[in-house]
Amino acid sequence: MQFMLLFSRQGKLRLQKWYVPLSDKEKKKITRELVQTVLARKPKMCSFLEWRDMKIVYKRYASLYFCCAIENQDNELITLEIIHRYVELLDKYFGSVCELDIIFNFEKAYFILDEFLLGGEAQETSKKNVLKAIEQADLLQEPRHEYFAVPVY
Amino acid sequence: MPAVSKGDGMRGLAVFISDIRNCKSKEAEIKRINKELANIRSKFKGDKALDGYSKKKYVCKLLFIFLLGHDIDFGHMEAVNLLSSNKYTEKQIGYLFISVLVNSNSELIRLINNAIKNDLSSRNPTFMCLALHCIANVGSREMAEAFASEIPRILVAGDTMDSVKQSAALCLLRLYKTSPDLVMMGEWTSRVVHLLNDQHMGVVTAAISLITCLSQKNPDEFKTCVSLAVSRLSRIVSSASTDLQDYTYYFVPAPWLSCKLLRLLQCYPPPEDGAVKGRLVECLETILNKAQEPPKSKKVQHSNAKNAILFEAISLIIHYDSEPNLLVRACNQLGQFLQHRETNLRYLALESMCTLASSEFSHEAVKTHIETVINALKTERDVSVRQRAADLLYAMCDRSNAKQIVAEMLSYLETADYSIREEMVLKVAILAEKYAVDYSWYVDTILNLIRIAGDYVSEEVWYRVIQIVINRDDVQGYAAKTVFEALQAPACHENMVKVGGYILGEFGNLIAGDPRSSPLVQFNLLHSKFHLCSVPTRALLLSAYIKFINLFPETKATIQEVLRCDSQIRNSDVELQQRAVEYLKLSSIASTDVLATVLEEMPPFPERESSILAKLKKKKGPGAVSVTELEDNKREGGELNGEGDRGPDPAAMASSNASTPSPSADLLGIRSAAPVGAAPTSVGSLLVDVFSEAGPAAPSAAVNDDGFLRDLEQPTETSDSLLVEGSGDSDSASPSEDPAPPLSEADELLNKFVCKNNGVLFENQLLQIGIKSEYRQNLGRMYLFYGNKTSVQFASFTTTVSCPGELQSQLNASDQTSGTTGRGWSPDPTGTQHRVLTDFSDAPLLNIKFRYGGALQNLTLKLPVTINKFFQPTEMTSHDFFQRWKQLSQPQQEAQKIFKANHSMDTEVLKAKLLGLGTALLDDVDPNSENYVCAGVIQTKGQQVGCLLRLEPNGQAQMYRLTLRCSKDSVSRRLCELLAEQF
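Rules and cut-offs
- Residues numbered from 1 in each chain as written.
- Chains lettered and ligands numbered in written order.
- Predicted model: local features only at pLDDT ≥ 70, side-chain atom pairs only at ≥ 80, totals over all residues.
- Heavy atoms only, no water.
- UniProt positions renumbered as here; feature names shortened; annotations may be inferred.
- Helix = DSSP H or I, 4+ residues; strand = E, 2+ residues; numbered from the N terminus.
- Buried < 20%, exposed > 50% of the residue type's maximum accessible area, 1.4 Å probe, protein only.
- Contact = heavy atoms within 4.5 Å.
- Areas by Shrake-Rupley, 256 points an atom, 1.4 Å probe, with all protein chains shown as cover.
- Buried area = accessible area lost by both parts, 1.4 Å probe.
- Salt bridge = Lys/Arg side-chain N within 4 Å of Asp/Glu carboxyl O.
- Polar contact = N/O pair within 3.5 Å; in protein donor to acceptor, adjacent residues only side chain to side chain.
- Pairing = 2+ DSSP bridges.
- Axes fitted to C-alpha atoms, helices over the stretch in contact; angles between N-to-C directions.
- Phe/Tyr/Trp six-rings, centres within 6.5 Å; stacked < 30°, edge-to-face > 60°.
- Expected span 1.5 Å × (residues − 1).
- 1 Å grid on protein atoms, 1.4 Å probe; cavity = no way out; pocket = protein on both sides within 12 Å on 5 of 7 lines; lining within 4 Å.
- Points joined across faces, edges and corners; volume = space filled by probe spheres on them.
- Nonpolar A, V, L, I, M, F, W, Y, C, P; charged D, E, K, R; others polar.
- Parallel < 35°, antiparallel > 145°, perpendicular 65-115°, else oblique.
- Left-handed = near helix turned anticlockwise from the far one by under 90°.

As named in an unreviewed UniProt entry, chain B is AP-2 complex subunit alpha, taken from Cottoperca gobio. Listed under Sequence similarities (unreviewed entry) in UniProt, the entry text for chain B is "Belongs to the adaptor complexes large subunit family." Per UniProt, the comment on chain B under Subunit (unreviewed entry) is "Adaptor protein complex 2 (AP-2) is a heterotetramer composed of two large adaptins (alpha-type subunit AP2A1 or AP2A2 and beta-type subunit AP2B1), a medium adaptin (mu-type subunit AP2M1) and a small adaptin (sigma-type subunit AP2S1)."

An unreviewed UniProt entry lists chain A under the name AP complex subunit sigma, from Cottoperca gobio. Quoted verbatim from the Sequence similarities (unreviewed entry) field of UniProt, the annotation for chain A is "Belongs to the adaptor complexes small subunit family." The heading Function (unreviewed entry) in the UniProt record of chain A holds the text "Subunit of clathrin-associated adaptor protein complex 1 that plays a role in protein sorting in the late-Golgi/trans-Golgi network (TGN) and/or endosomes. The AP complexes mediate both the recruitment of clathrin to membranes and the recognition of sorting signals within the cytosolic tails of transmembrane cargo molecules."

Novice: Go over the overall build of chain B, please, and point to the residues and values.
Specialist: The number of helices and strands found in chain B is 44 helices and 18 strands. Counting every position in chain B, which comprises 983 residues, the buried fraction comes to 56%. In chain B, once contacts between residues fewer than 6 apart in sequence are set aside, the share between residues at least 24 apart is 69%. Surface summary for chain B: the accessible area is close to 41400 Å², and the carbon and sulfur share equals 50%.

Novice: So what's going on with the interface of chain A and chain B? Residues and values would help.
Specialist: Every contact between the two is made by 71 residues of chain A and, on the other side, 91 residues of chain B. Both sides of the chain A and chain B interface together cover about 6800 Å² of buried area, and 56% of this is carbon and sulfur. Where chain A touches chain B, the interface holds 4 salt bridges. When the shortest N-O distance is used, the salt bridge between Lys28 of chain A and Asp71 of chain B registers 4.0 Å. In this structure, the connection of chain A to chain B is made through 27 residue pairs in polar contact (both at pLDDT 80 or more). Looking at which element gives the most residues to the side of chain A that touches chain B, the answer is helix H2 (residues 76-94) of chain A, with 12 residues.

Novice: Report on the sheet that holds strand E1 (residues 3-8) of chain A, specifying residues and quantitative values.
Specialist: Residue and element names in this part refer to chain A. On the basis of which strands lie adjacent, the open sheet formed by 5 strands has the order E2-E1-E5-E4-E3 and antiparallel pairing. Across the chains shown, the open sheet's two edge strands, defined by having one partner strand only, are strand E2 (13-18) and strand E3 (48-51). Neighbour-to-neighbour, the strand axes of this sheet turn through a mean angle of 20°, independent of strand direction. When strand E4 (residues 54-61) meets strand E5 (residues 64-70), the two strands line up antiparallel, connected through 7 bridges. Bridging from a neighbouring strand, Arg60 pairs with Tyr65 of E5.

Novice: Could you give me a rundown of the packing of aromatic side chains, with the residues and numbers involved?
Specialist: Throughout the structure, instances matching the rule amount to 26 aromatic pairs over all chains. Between Tyr249 of chain B and Trp256 of chain B, the aromatic rings sit 4.7 Å apart at their centres with planes inclined by 70°, giving edge-to-face as the arrangement. On the basis of relative accessible area, Tyr249 of chain B is assigned to the buried category, the value being 1%. Measuring from ring centre to ring centre gives 4.8 Å for Phe523 of chain B and Tyr545 of chain B, while their planes differ by 70°; the resulting arrangement is edge-to-face. Of this pair, Phe523 of chain B sits in helix H28 (residues 519-530) while Tyr545 of chain B sits in helix H29 (residues 535-551), and the two are 22 residues apart along the sequence. Here the aromatic residues Phe7, Tyr58 and Tyr65 of chain A are joined through ring pairs into a cluster of three or more.

Novice: How would you explain helix H16 (residues 300-320) of chain B if you had to name every residue and give the values?
Specialist: The terminal C-alpha atoms of H16 of chain B, which comprises 21 residues, lie 30 Å apart, in line with the 30 Å expected from a rise of 1.5 Å per residue. Counted residue by residue, H16 of chain B has 17 buried out of 21 residues, so it is predominantly covered.

Novice: Talk me through the sheet that holds strand E12 (residues 855-862) of chain B; I want residue IDs and the actual numbers.
Specialist: Residues and elements named next belong to chain B. A sheet is described by the order of its strands in space; here 3 strands give the open sequence E7-E11-E12, paired in antiparallel fashion. For this open sheet the edge positions go to strand E7 (795-802) and E12, each flanked by a neighbour on one side alone. Within the sheet, the average angular offset between the axes of one strand and its neighbour, ignoring direction, is 10°.

Novice: Outline the environment of Gln404 of chain B, supporting the account with residue identities and numerical values.
Specialist: Residue and element names in this part refer to chain B. Its place among the elements puts Gln404 in helix H22 (residues 402-413). Judged by relative accessible area, which is 32%, Gln404 ranks as partly exposed. Distance in space between the C-alpha atoms of Gln404 and Ile370 is 9.6 Å, their sequence separation being 34 residues. Those residues in contact with Gln404 that lie beyond four places of it in its chain are Ile370, Glu371 and Ile374. Looking at Gln404, its side chain comes within polar contact range of the side chain of Glu371, at 3.1 Å.

Novice: Quick one: what's the story with the layout of surface pockets, residue by residue and with numbers?
Specialist: Empty space among the atoms can be located by rolling a probe the size of a water molecule over them. Of the pockets and cavities examined, the second largest pocket occupies roughly 1100 Å³. At the level of secondary structure, the elements contributing two or more residues to the lining of the second largest pocket comprise E2 and helix H1 (24-39) of chain A together with helix H2 (26-45), helix H3 (52-67), helix H5 (88-100), helix H7 (125-138) and helix H10 (162-178) of chain B. It is H1 of chain A that provides the largest number of residues to the lining of the second largest pocket, a total of 6 residues. When grouped by side-chain class, the residues that make up the lining of the second largest pocket number 15 nonpolar, 13 polar and 12 charged.

Novice: Quick rundown of unusual backbone geometry? Include the residues and the values.
Specialist: Positioned with a positive phi, Arg52 of chain A is a non-glycine residue whose angle comes to about 50°. Relative to the helices and strands, Arg52 of chain A resides in the loop between E3 and E4. The phi angle at Asp321 of chain B is positive, at roughly 50°, despite the residue not being glycine. You can see Asp321 of chain B is positioned in the loop between H16 and helix H17 (324-337).

Novice: Requested: an account of the packing of helix H24 (residues 439-453) of chain B against helix H25 (residues 459-471) of chain B, with residues and values cited.
Specialist: All names here are of chain B. Where H24 meets H25, the axes come as close as 11 Å, and the angle between the chain directions of the two elements is 155°. Of the possible angle classes, the one that applies to H24 and H25 is roughly antiparallel. Here H24 runs over H25; the crossing is left-handed. Between H24, through Tyr439, Tyr442, Val443, Ile446 and Leu449, and H25, the contact on the second element is made entirely by Val461, Arg464, Val465, Ile468 and Val469. Counted by class, the contact of H24 with H25 contains 9 nonpolar, no polar and 1 charged residues.

Novice: Residues and numbers for the pairing of strand E5 (residues 767-776) of chain B, please.
Specialist: All names here are of chain B. Most of E5 sits out of view: 7 of its 10 residues are buried. One ladder, built from 4 bridges, connects strand E4 (residues 759-763) with E5; its direction is antiparallel. Bridge pairing links Glu763 to Gln768 in E5. Two successive antiparallel strands, E4 and E5, enclose a turn made up of 3 residues. Relative to strand E6 (residues 779-788), E5 is paired through 10 bridges, and the arrangement is antiparallel. Within E6, the position partnered with Leu767 by the bridge is Asn788. In sequence, E5 turns back onto E6 through a hairpin of 2 residues, with Gln777 there showing a positive phi of about 50°.

Quick look at the structure:
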């Protein structure tokens, strides 16, 4: 996989993960063009399209589009299920996830993604194992009272 | 679920994020962000040391701002500080910041790498994973330098936790992708392969991606993975849906792992081991069977996961291309999907069938779905699906269905999405050409193409139709009639005017008998379009007019009047003005003989790869069409106008009917970069000179020819022939570039000359090289003829003959170079002399360098100087032959090869080849009259090598056995190698 983008129906980017080295300028250009292309597609259309020299696999969940760019020899359907598994992981972690969870806890969304996909390849496909890793990390979080004394700004 | 911190971990962050969300305008957002940036900057710069929590919070805010799309130019140092925090969340945010905002600040990289190193050696698996994730996310060269040797160690160490192994495998993969040179293969590689056997499915899932990537680059080192992958796959495929617990996804056992395993197997040919292969075929059959079973769940996830495996299995079946049964089953399965209600499946089935169409085993099976595919092209609502359908129609097209497919594609073109029209046009043009049995159909198709989608018809397409019409005289009359009719339309596309102008200018006479298309009617029709056209088209039309004057003298007055009017002869465009002036002058001065010669019908075009095909390949990227092309070429022997003799002088083609080469008249497609400005001026003066010198008193045809068609006959500029002794002496004017490595086809070209001494050694779009050679004893002389096929001179043309490596001591090659920068055939061919010192197996290299249109051309060929050229035939009796045969009985003196016939096995052909070889063909020697026996002596400076040859054809099996016995073993081997390619 070359990259994964999450964006809203309004075209706001919510998460971006790049597995190939690109300059910030290129990333912005790709994001802008791709978001436009995908948003322009109608609901019943197929989830795959050829775009530049990549294959794009995307799926809409509620107000969010999940969009992956894969190489030519990669498998479209299994990528579609990668997206779904990621959604399941977010859902299980946040408890029926919504776009707001991803906005306010964007760092968590990145951490979960890293446990699931690394370098653009599936690292661990078991839902249990991924969540276990995240839970363990959460257990390492400092008790909350440590922060209460600290001013907000 | 765990107490999710939902932002209350960092309340300040949550507040900031909701502030941003509440901003009513972009300006308000920017204002809020700038305020926050100022705040963070002051905190970071402040005297009071920040605690870890604050640092984490501010770094996280910066990250958020960056992800919103704003630039961040500070905070890196604070993020790096977080890396060494012993609090997990602080470390985690630090790593996230670094992963997203890498900065190649050398000082920072060193600090980052240090922190990573500490975490990697911490033995705390959570920290190790964080560090590995960071390396995998950044994947920079600096990180590869620092960790490429460390990570394999972690990956294969016995005490590494599973989760760390998983991260390490994919981390290494990322480093290998960015810096393959830094990841050293070592003893760890074999242990990595064995991770395929790991108990933990997650470890296998991660490791297999690494193994697949490494196998692609180093297939031999990893080939043991094939049998491991097959047995793993077989265990998964045969497991019940609950066996794999959490690795079962919607009742499908380990779909990701299965796909990756099938993908890995695609890096290799089918397993050689029968048992492994049998097991794999069984797996593939099971996967195909499962597709027919009723679904275990109605959820789309179930069918997607199942079909993902199925499609990957089909890819493998297509990759092997050796199991007809599986290929046909795959095709049937895809056929079912073609009508599936899921758009995604229809899309993928069309895509996958495209590759199946190129397999000889499944081509026919694919063709049975033609109606469904045509229907898809017409009715699919999604353009990307229609595009796939069009691709598949193109792939399944052959002679039997070409007319139907081309007709459907043409009618689709009328409503096709703009984004795919150009490609569709190219495809229609290619199919129409490739499968044209009836050329009037071809002409109709292309003209329809121009009518329907003229804007998308590129130059290549209309050049091609003209090339073909010119080369096929049986279609010229029809073409003239059809364009004439097409031009009747009140609004017709400019490309139609171009084709019409060209074809009527050449072949208008073929329809001039009909009063409805009399010369004047034709001219008026063309000229009615003139004012609506662009400059290049007008230029082409002017050339057509002068051709009309030649074809139909009765139009002369009318046309001269047109040329004479101010809008032509004083046109502000220099090209048009020049043509008008020249043509007017030419038509009034030249005699009809001269006119007829100058404006002669175009000679046929030399055959070459269709420029349209080249364009499609370029458009689709390499490999996209090559598969089907290859197959098609195999299936369809005869290409359009691939037969018959080509024109005598290829250079003539470049100078079209116009005296001034302009891009618009360039049909060859090879001179598109020709300088438009430069050429006309020189030609202009040349023309005027000729006319003023010769005067109006009807110059002789020869003189006129010379001047006017300067492209053809201009004498070679430099023919300073200098004899250079010794090889490797390059011209001082030669471009400094090193000689190119020999062309990939150099050996093939060389093989053509083993049994003959004269012919065309090489030909490309620019240059043709002919060879004449003669040999006596240990001496050889070779003449090289360089033909310039273009209309421009080559600058700094140099040739160098050299003997690479040990050949230097085996063969003396000296060249007598003569500059041949001119056009056409060089009058003084370059000669090279060879003196063979001892036996040799390599061939001397000929390097040619010259400039064409500014670009340096550098090509290296092998000169066909092969050891057999120095044969002296030896006649001997049957008795003598066998006596010597027995004398040469040491095993190394004999070389034998059994091989399949590549060429005709006809007796006369074989005899001619064996004589061409240079040996004596001995009759009545072999007891079996079918066999051929030859004898000869190779003359070298130092010694003579006796050679005996026996060739035993087996007509039934289309095989040969070739045996050589020579007094020197290296000669036996080399001759055997050379000759095995000849029969």
